[in-house]
Amino acid sequence: MSEEKELYLGYTTDKAITPFFQDFLEALEQEKLMKSKCTKCGTEYLPPREYCQKDLSKCELEEHTEKEAKLYSYVIVDFAPETLSSKAPYVVAIGEFPSGLRLTAHITNLMSMPEVGMNLKLAFDKIDAKKITYKWLV
Amino acid sequence: MARKVAVVAGGHSKFGKRYDATMRELSAEAYKPIYDEGITQDKIDATVLSYAASQFTGQGAGSALIADYIGLYDKPHLRVESACTTGTASLRAAWGMVAAGLYDVMLVLGVEQMNRVSSATATEYMSQAGDMRWEYPYGISFPAFYALMASRYMHEYDMPHDVLAKIAVKSHHYGAQNPKAHLPREVSFEEANNAIPICRPLNLYDCSLITDGAAAVVIAAEDRVNEFTDRPMWIKGIGAGASSMKIQDRESLTSIPGAKHAAKAAYEMAGVGPDDIDMAQVHDCFTIAELIAYEDLGFAEPGKGREIVENKENYHTGRIPVNCDGGLKSKGHPLGATGVSMTYEIMKQMRGEAENQSRQIEDVKLGLAHNVGQSGQFVNVFIFERGW
Ligand SMILES: CC(C)(COP(=O)(O)OP(=O)(O)OC[C@H]1O[C@@H](n2cnc3c(N)ncnc32)[C@H](O)[C@@H]1OP(=O)(O)O)[C@@H](O)C(=O)NCCC(=O)NCCS
Ligand SMILES: [Zn+2]
C-alpha cells in the first residue's frame, strides 16, 4: 500500500487497515461518509462492512447522503482510557438518521448538557495530518 | 442422558488492591480452603483456570502457570475466556465435561490481577474489548458503554439518578459486612448521588471496582458427590446468551437481549420461574446494570425495576435479595474471578455461612447467578438448588 496515504479513523492509530477500509478513509478525507450495501441481499451497513453479516457476500461502498440525525443516546466521558486522557471530558453520541441507520461519534460543539432526541448534524474533522473523522454538531 | 453435577466446595481470596500478591498467590488463597477440606490435588481430575485479560499481567498461557503454582501441573487444564463472564463460562465448560462423563471431579478457578497498572491503563485495556475499528478510536470505556444504556434508560422511563445511587448504598451496606470485600464501607445516599462524575450520567459510586482477587469451586458428578460433602449445591439450570458487538446496533438500550435469552433458557432447564428464586447474584458492573438485570431476569416488568429499589425488596430480608455480599460495586470485580465468586456466595448463603448474620439470607433453596461480559456480548445465567 506504498502509494496510499497513511490515514487513521478517529483519535487512535489502529494499523489494521485493509484496501476496503482505505477506500472508506480516502472518501472520508473528501468529506464523504460511506456506507456499504450487500451485492446479494441489498442490506445496508453503517459503518460499512466488506462482508454481509447475513449471507457473507461482498458489500460495496456507497455514499451515505443523510446529514441530519437525532441523538439516540450519549455519554460524557470524564475519566477516559489512557490514550484519550488529555481530551477528556468529551461527549460520545449515538445518532440515528431518519433511515434508522446509526453512527457513533463525538459531539464537538456542545455548550450545555446533551438531551436524548436533540438534533444532530453530520460533520467532518481533520484531527491531525493522519487522523480524520466524522463527528456530530448540535 | 447427562449426569447431574453439584458444586461441593469453594474458596475465596480477599478481594482488594492486592499489592502483596499476584495471580499466583491469589489462586493459592482461593484453592487453600478447598485443600484444607480434604479435596487435595490427587482428588481433582482436571481444571479450568481462567482470567479475562492477559494484558494486565503480560503472562501468556497463564493457566499453566496457575496450575503449576497450586500443584496441579500434572492434571489436564485449560483456560476459557469471555470477558467478565470468564468465571461462569469456565463453570459451564467444566459442567459439560463432568455431565458428559469425561471427568468426575473438576476445579474451576477464576482470578484477575488488575492493579499493577494505573486505572487509566486498566480503562484503556478494557476499552479494547469494544470494536477496535469503530468504537475504540472514540474512547468508549466500559463505564461509557453502560452510561450509554443509562442515558437512554433514564430518558425512556423518566428516571432520576437517585434510583441508581440507592443501589450503590445497598451494595456498600452489604459489602461493609463482608470480610472478603474490596471496599467494605457504608456510603450515604448523598455521597453516592453526588460523587465525582466518571462517565456522565454515571459517577464514581455507579462503578464497580478495579480489583485483584480469585475464587474457586469444585464440582463433582452425582455418583461421587457424597465423597466430598453432605451439602451439595446442584447445578439445576444453565442459560447462555449473546448480543451484538457494537452497542449502536442494539434495538434497545434499556435491556440486554442476551441476558433475557440466557435467563429464559436457565429457567426452562431448571423448570422454575423468577418467583421461585430465593436470592440472586447479579452482574452490577455498574448500578444501571443491576437495575436492568432485575428486568431481564423477570423480577420486575420492563421500566419497573426501580420499584424493587424504592421498596428495598433487594435487601436480605426482602422479596428478592440481590448481591448481599456487596456485589461488584463493593466486594469488587476481578473480571475472571467474578462469576466464580457469585457461585461461591450462593453456596455460602445456602449453607447459612455468610460470615455475618446481618447479611445472611434465610432458607435459600434456589439461588441465581447472572454474569454479563462486556456490554452484553456474553451472558451466563445459572440456577443452583440446595441438595439437602
Ligand atoms: C471509577 C474508577 C475509574 C475510579 O478509579 P480511580 O479514579 O483510579 O480511583 P483510585 O483507585 O485512584 O481511588 C481513589 C479513591 O476512590 C475510591 N474508589 C475507586 N473506585 C471506586 C469505585 N468504583 N467506587 C467507589 N469508590 C471508588 C478509592 O477507594 C479511593 O478512595 P480513598 O481516596 O478514600 O482511598 C475505577 O474504579 C473504574 O474504572 N471502575 C470501573 C471498572 C470497570 O469498568 N470494570 C469492568 C466492568 S465491565
Ligand atoms: Zn447480504
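Shown above is the structure to which this text applies.
About the criteria used
- Residues numbered from 1 in each chain as written.
- Chains lettered and ligands numbered in written order.
- Predicted model: local features only at pLDDT ≥ 70, side-chain atom pairs only at ≥ 80, totals over all residues.
- Heavy atoms only, no water.
- Core = buried A, V, L, I, M, F, W, Y, C linked by side-chain atoms within 4.5 Å.
- Buried < 20%, exposed > 50% of the residue type's maximum accessible area, 1.4 Å probe, protein only.
- Helix = DSSP H or I, 4+ residues; strand = E, 2+ residues; numbered from the N terminus.
- Contact = heavy atoms within 4.5 Å.
- Pairing = 2+ DSSP bridges.
- Axes fitted to C-alpha atoms, helices over the stretch in contact; angles between N-to-C directions.
- Buried area = accessible area lost by both parts, 1.4 Å probe.
- Salt bridge = Lys/Arg side-chain N within 4 Å of Asp/Glu carboxyl O.
- Polar contact = N/O pair within 3.5 Å; in protein donor to acceptor, adjacent residues only side chain to side chain.
- Nonpolar A, V, L, I, M, F, W, Y, C, P; charged D, E, K, R; others polar.
- Donors = N, O, S within 2.8 Å, 3.2 Å for Na, K, Ca; no water.
- Expected span 1.5 Å × (residues − 1).
- Bend = angle between axes of the 7 residues up to and from the residue.
- Near = heavy atom within 4 Å.
- Areas by Shrake-Rupley, 256 points an atom, 1.4 Å probe, with all protein chains shown as cover.
- 1 Å grid on protein atoms, 1.4 Å probe; cavity = no way out; pocket = protein on both sides within 12 Å on 5 of 7 lines; lining within 4 Å.
- Sits in = over half its atoms within 2 Å of the grid points.
- Points joined across faces, edges and corners; volume = space filled by probe spheres on them.

(A) The arrangement of the nonpolar core in detail. By size, the foremost hydrophobic cluster in this structure holds 146 residues, and its most contacted members are A:Phe24, A:Tyr134, A:Trp136, B:Tyr146, B:Ile288, B:Leu291 and B:Phe384. The biggest single contributor to this core is helix 5 (residues 142-156) of chain B, with 10 residues. In this structure A:Tyr134 touches A:Leu9, A:Phe24, A:Leu28, A:Leu33, A:Leu103, A:Thr104, A:Ala105, A:Leu122, A:Ala123, A:Phe124, B:Trp134 and B:Tyr138, once residues within four positions along its chain are discounted. B:Ala21, B:Leu49, B:Tyr51 and B:Val218 belong to the second-largest nonpolar core, a separate cluster that totals 28 residues.

(B) Spotlight on the sheet that holds strand 3 (residues 44-45) of chain A. Residue and element names in this part refer to chain A. Across the sheet, which stays open at both edges, the three strands sit in the order 3-2-4 with antiparallel pairing between neighbours. Of all the strands in the sheet, just strand 3 and strand 4 (59-63) have a single pairing partner and so form its edges. Here strand 2 (residues 34-38) pairs with strand 3 via two bridges, running antiparallel. Residue Lys37 lies in a different strand from strand 3, and its bridge partner there is Glu44. Relative to strand 4, helix 1 (residues 19-29) is tilted by about 0 degrees, and along the sheet it contacts strand 2 and strand 4.

(C) Local environment of the interface of chain B and chain A. At the junction of the two partners, chain B supplies 34 residues and chain A supplies 39 residues. Here chain B and chain A share an interface that buries about 3,100 Å² over both sides, 58% of which is from carbon and sulfur atoms. Contact with chain A buries surface across chain B, with B:Trp134, B:Tyr138 and B:Gln248 losing the most and accounting together for 27% of the total. Measuring nitrogen to oxygen at the nearest pair gives 2.7 Å for the salt bridge that ties A:Asp78 to B:Arg200. Across the contact surface, chain B and chain A share 22 residue pairs in polar contact (both at pLDDT 80 or more). Take the side of chain B that touches chain A: its biggest share by element is seven residues, from helix 5 of chain B. For the side of chain B that touches chain A, a count of residues per class yields 15 nonpolar, 11 polar and eight charged. Both strand 5 (residues 68-77) of chain A and strand 5 (residues 197-200) of chain B contribute to a ladder of two bridges, which runs antiparallel.

(D) Structural view of the coordination of the zinc ion (ligand 2). Residues and elements named next belong to chain A. Protein-derived ligands of the zinc ion (ligand 2) are Cys38 (SG), Cys41 (SG), Cys52 (SG), Asp55 (OD) and Asp55 (OD), with the metal-ligand distances lying across 2.3 to 2.6 Å. One chain supplies every donor to the zinc ion (ligand 2), and in sequence these donors are spaced C-x2-C-x10-C-x2-D. With Cys38 in strand 2 and Asp55 in the loop between strand 3 and strand 4, the pair connects residues that are 17 residues apart, well separated along the chain. By relative accessible area, which is 4% here, Cys38 ends up buried.

(E) Region of the structure containing helix 1 (residues 23-36) of chain B. Residue and element names in this part refer to chain B. The terminal C-alpha atoms of helix 1 lie 20 Å apart, and with 14 residues this matches the ideal 20 Å at 1.5 Å per residue to within 8%. Helix geometry: helix 1 is bent most strongly at Ala30, by close to 30 degrees, with proline Pro33 lying one to four residues after it. Among the residues of helix 1, Met23, Leu26, Ser27, Ala30, Tyr31 and Ile34 are the ones counted as buried. Contacts made by the buried residues of helix 1 are with strand 1 (5-12), helix 2 (62-69), strand 4 (105-112) and strand 7 (213-221). Positive backbone phi, approximately 105 degrees, marks Gly38, located one or two places after helix 1.

(F) View of the pairing of strand 5 of chain B. All names here are of chain B. In this sheet, strand 6 (residues 202-203) lies alongside strand 5 in antiparallel orientation, the contact comprising two bridges. Paired with Cys199 across the two strands is Leu202, which belongs to strand 6. Between strand 5 and strand 6, which pair antiparallel and follow one another directly, the connecting turn spans one residue.

(G) Geometry of the site of ligand 1. The environment of ligand 1 is formed by 19 residues, the closest being B:Lys17, B:Ser119, B:Cys207, B:Ser208 and B:Lys329. Residues close to ligand 1 are split across chains A and B. In this structure, a nitrogen atom belonging to ligand 1 sits 2.9 Å away from a main-chain N or O atom of B:Ser208. The contact in question runs from a nitrogen atom of ligand 1 to an N or O atom on the side chain of B:Lys329, over 2.9 Å. In isolation ligand 1 exposes 910 Å². Once the protein is present, 72% of that is buried. In a pocket analysis with a 2 Å cut-off to the grid points, ligand 1 is assigned to the largest pocket. Residue assignment for the shell around ligand 1 shows that the elements contributing at least two residues are helix 4 (119-127) and helix 5 of chain B. In terms of residue class, the shell around ligand 1 is made up of 14 nonpolar, three polar and two charged.

(H) Representation of the environment of B:His155. Residues and elements named next belong to chain B. The residue His155 is located in helix 5 in this model. Overall, His155 belongs to the partly exposed group, its relative accessible area being 41%. C-alpha of His155 to C-alpha of Thr254: the two residues are 99 residues apart in sequence and 9.8 Å apart in space.

(I) Spatial organisation of the layout of surface pockets. As a volume, the largest pocket reaches approximately 590 Å³. Every residue lining the largest pocket is counted, 26 residues in all, and those nearest its centre are B:Leu204, B:Cys207, B:Ser208, B:Leu209 and B:Ile210. Those elements giving two or more residues to the lining of the largest pocket turn out to be helix 4 and helix 5 of chain B. Residue composition of the lining of the largest pocket, by class: 17 nonpolar, seven polar and two charged. Its volume calculated, the second largest pocket comes out at about 300 Å³. What lines the second largest pocket is a set of 16 residues, and nearest its centre among them are A:Glu44, A:Tyr45, A:Leu46, A:Leu101 and B:Asp249. Residues that form the lining of the second largest pocket fall into these classes: four nonpolar, five polar and seven charged.

(J) Geometry of helix 1 of chain A. All names here are of chain A. Of all 11 residues in helix 1, eight are buried; the element is thus mostly enclosed. Listed in full, the buried residues belonging to helix 1 are Phe20, Phe21, Gln22, Phe24, Leu25, Ala27, Leu28 and Glu29. If you follow the buried residues of helix 1, they end up packed against strand 1 (8-9), strand 2, strand 4, strand 8 (119-126) and strand 9 (131-137). One or two positions beyond helix 1, positive phi appears at Glu31, with a value near 60 degrees.

(K) Local environment of the side chain of B:Ser341. Mapped onto the elements of the fold, B:Ser341 is located in helix 12 (residues 335-350). When near neighbours in sequence (up to four residues on either side) are disregarded, B:Ser341 contacts B:His12, B:Phe15, B:Ala215 and B:Lys331.

Read these as geometric descriptors, not functional statements.
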